[in-house]
Amino acid sequence: MAYGQFEQFIRNMSRVMGGVNTKLQRDLTLRTRVARRFSMVETAQLLAVDTTYLTRISAEEPAFPAGERAGRERTFSPSEVMQIRAIIGSNPAAKRPYLHWRRPGQPVKVVTFGAQKGGTGKSLSAAHFAQYVNLHYGLRVGVIDADPQATVSLYFADEKLPLFDPATPTLADFMGVDDPGSVKLSEPSGKDLNGIWQPTPWPGIRLIPGGANIQNGDISLFFMSQQASVPVYRVLKDAIRTWDLANPPMTRLENIRGDTGEFDPVRYEQALTETVDVIVIDQQPSLTLMQLNGLVAADSVVIPQTMKGFDLATLATYVSNIGEYLEFIMGFEADLEIGGGEHMVLPTIVQEQNDQDTDQILDLYRKAPREVMQVWYSRSDAIANAAEEYKSIYEYLPPKTRRASAKAFMANANAVNDALVQRIWPELPPRDYARKFIEERWS
Ligand SMILES: Nc1ncnc2c1ncn2[C@@H]1O[C@H](COP(=O)(O)OP(=O)(O)OP(=O)(O)O)[C@@H](O)[C@H]1O
Ligand SMILES: [Mg+2]
């Protein structure tokens, strides 16, 4: 009987997989997480200051991190870069802002990366975006992994984070829908919600890891949807609001220096972890109720999308399904505010050797210049390699033979994220990366 054979097959595979070491490369990566260091020149570039200024500050400020010396080079970890940013940014004589934390009273921003198609670079784009705004603007970021596969979690977790441990809370716990048997939301308090965020080795970046029980969330929401009293599409939006109200930004920049004007590492550390400035959500490739929650909660939605004909057909389905959901929600709750920010399609894994992909982008851009980005992710061997180790381009240490392509892809990631920042935070000072990309590709 067919069923019997399938059962046997599953049983055999379960036994075999129980003995396979699936964790070797993963454990290696987790142990060496964020080993990347930045030279004085690179640090100056991240801060948008010149190197002489940085060298002068390093001599003047006692709290300036010593970094590591390798020959004549002095290098800094991402945490040290953040501290340098805070030292410069909190200096009363600073001529412009360096640390772009949200001010007390400003709500947290939510940016969701989602698409119907699998493997379009959603997780990588989300990880790069989180790390870019952290490295270039000092933003504190909360990453929510809404995918049971937990891909984006693998880009942030180190060995201290109990990933894939059934006891580790996921998005389903944050939303209070972790018990599929329950008929009502568990409504965790703001304090409980804050405890769900896990620290990562990135300064000021926290994570709600993905995991299998995100699927329980869908079952749970499905049953709750039978009752008119539970607005199953905005459970995450409400949870984020509850968390935000209980964990708002409180420290003003000037307060991370003591009365004598000296940089205070304790106050700084406290401010770095008191809240986040932006929440980045990485979606699974589908439109389940859990994923719908990620869209409804977003101020901005980014759709990373490959440009092949069949892939674009999934974009058509995705947007039309979202449209139907929105119509339904509006009929239910006409005054609900959804997606007040900018939204865009980000072309990904673009093959520039032949014109097919770029012609497709050009065509889409002409028809929808607001919706389709002029900057895209090109296909890159360097990132394919880095991703095998679950490393983003911002932490990848390429072997000699890949240094040039890794550098090129970092420039690409910078251009994409610069363009995203300009749309999502028009008030932030732009960098030159997107402009350069557009000049090179479009003129
Ligand atoms: N620009 C690129 N060039 C080459 N390979 C890429 C590029 N971007 C992503 N990839 C590769 O494509 C694969 C999928 O990337 P990623 O996990 O980010 O996609 P995803 O859309 O999140 O996938 P899923 O739908 O499974 O969640 C990864 O192995 C990654 O290495
Ligand atoms: Mg993914």
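Scroll up to find the structure.
Note that the structure is a prediction, hence the values are computed from the model and not measured. (Residues numbered from 1 in each chain as written. Chains lettered and ligands numbered in written order. Predicted model: local features only at pLDDT ≥ 70, side-chain atom pairs only at ≥ 80, totals over all residues. Heavy atoms only, no water.)

A. The overall build of the protein, seen in detail. Looking only at helices and strands, the protein features 18 helices and 10 strands. The C-alpha atoms of the protein give 23 Å as radius of gyration, which agrees with the globular expectation for 443 residues (22 Å, within 12%). Taken along its principal axes, the extent of the C-alpha atoms in the protein is 75 × 55 × 50 Å. In the protein, which comprises 443 residues, the share counted as buried stands at 51%. Considering only residue pairs separated by 6 or more positions, the protein has 77% of its internal contacts joining residues 24 or more positions apart. Summing over all exposed atoms, the protein offers an accessible surface of approximately 21,100 Å²; the carbon and sulfur share of this is 54%. Within the protein, the 53 negative side-chain charges are centred at a point lying 6 Å from the centre of the 46 positive side-chain charges. (Helix = DSSP H or I, 4+ residues; strand = E, 2+ residues; numbered from the N terminus. Rg over C-alpha atoms; globule rule 2.2 N^0.38 Å. Buried < 20%, exposed > 50% of the residue type's maximum accessible area, 1.4 Å probe, protein only. Contact = heavy atoms within 4.5 Å. Areas by Shrake-Rupley, 256 points an atom, 1.4 Å probe, with all protein chains shown as cover. Lys, Arg positive; Asp, Glu negative; His and termini not counted. Charge placed at Lys NZ, Arg CZ, Asp CG, Glu CD.)

B. Region of the structure containing the sheet that holds strand E8 (residues 278–282). Strands sit in the order E6-E7-E5-E8-E4-E9-E10 across an open sheet of 7 strands; the sheet is mixed. Pairing within the sheet leaves two strands with one partner each, and these edge strands are strand E6 (198–199) and strand E10 (344–347). In terms of strand pairing, strand E9 (residues 300–305) meets E10 through 4 bridges, oriented parallel. Residue pairing in the sheet places Pro304 in a bridge with Leu346 of E10. Sitting on the sheet, helix H17 (residues 403–424) is in contact with strand E4 (109–113), E9 and E10, with an inclination near 175° to E10. (Pairing = 2+ DSSP bridges. Axes fitted to C-alpha atoms, helices over the stretch in contact; angles between N-to-C directions.)

C. Focus on the pairing of E4. A large share of E4 lies buried, amounting to 4 of its 5 residues. For E4 and E9, the ladder comprises 3 bridges, and the chain directions are parallel. Opposite Phe113, over in E9, you have Val302 as the bridge partner.

D. Structural context of the site of ligand 1. By nearness alone, 19 residues border ligand 1, and Gly119, Lys122, Ser123, Ser378 and Ser380 come closest of all. Between an oxygen atom of ligand 1 and a main-chain N or O atom of Thr120, the distance comes to 2.9 Å. Calculation on ligand 1 without its partners gives an accessible area of 630 Å², and the protein chains cover 80% of this total. Of all the elements in the fold, those that place two or more residues in the shell around ligand 1 are helix H6 (122–137) and helix H16 (381–388). (Near = heavy atom within 4 Å. Polar contact = N/O pair within 3.5 Å; in protein donor to acceptor, adjacent residues only side chain to side chain.)

E. Region of the structure containing the side chain of Asp282. Along the polypeptide, Asp282 turns up in strand E8. Buried charge Asp282 goes without a salt bridge, the closest partner of opposite sign being Lys122 at 6.5 Å. Side-chain polar atoms of Asp282 contact the side chain of Ser123, separated by 2.7 Å. Contacts of Asp282, omitting those with residues within four sequence positions, involve Phe113, Lys122, Ser123, Ala126, Ile144, Asp145, Ala146, Asp147 and Val152. (Salt bridge = Lys/Arg side-chain N within 4 Å of Asp/Glu carboxyl O.)

F. Representation of the environment of Asp277 in the model. Take Asp277: it is sitting in the loop between helix H12 (265–272) and E8. Between the alpha carbons of Asp277 and His136 there is a distance of 14 Å; along the sequence they are 141 residues apart. In this structure Asp277 touches Trp101, Arg102, Val108, Lys109, Leu139 and Arg140, once residues within four positions along its chain are discounted.

G. How the structure looks around the nonpolar core. In terms of nonpolar packing, the biggest core is built from 133 residues, with Phe129, Phe156, Phe174 and Ile279 touching the most fellow members. A per-element tally of this core places H17 first, with 10 residues. (Core = buried A, V, L, I, M, F, W, Y, C linked by side-chain atoms within 4.5 Å.)

H. Representation of the side chain of Gln283. For Gln283, the position within the fold is in the loop between E8 and helix H13 (289–296). Residue classification places Gln283 among the buried positions, given a relative accessible area of 1%. Polar contacts involving the side chain of Gln283 include one to the main-chain carbonyl oxygen of Gln291, which spans 2.9 Å. Those residues in contact with Gln283, other than ones at most four positions away along the chain, are Thr112, Phe113, Gly114, Lys122, Ala146, Asp147, Gln291, Gly294, Leu295 and Tyr318.

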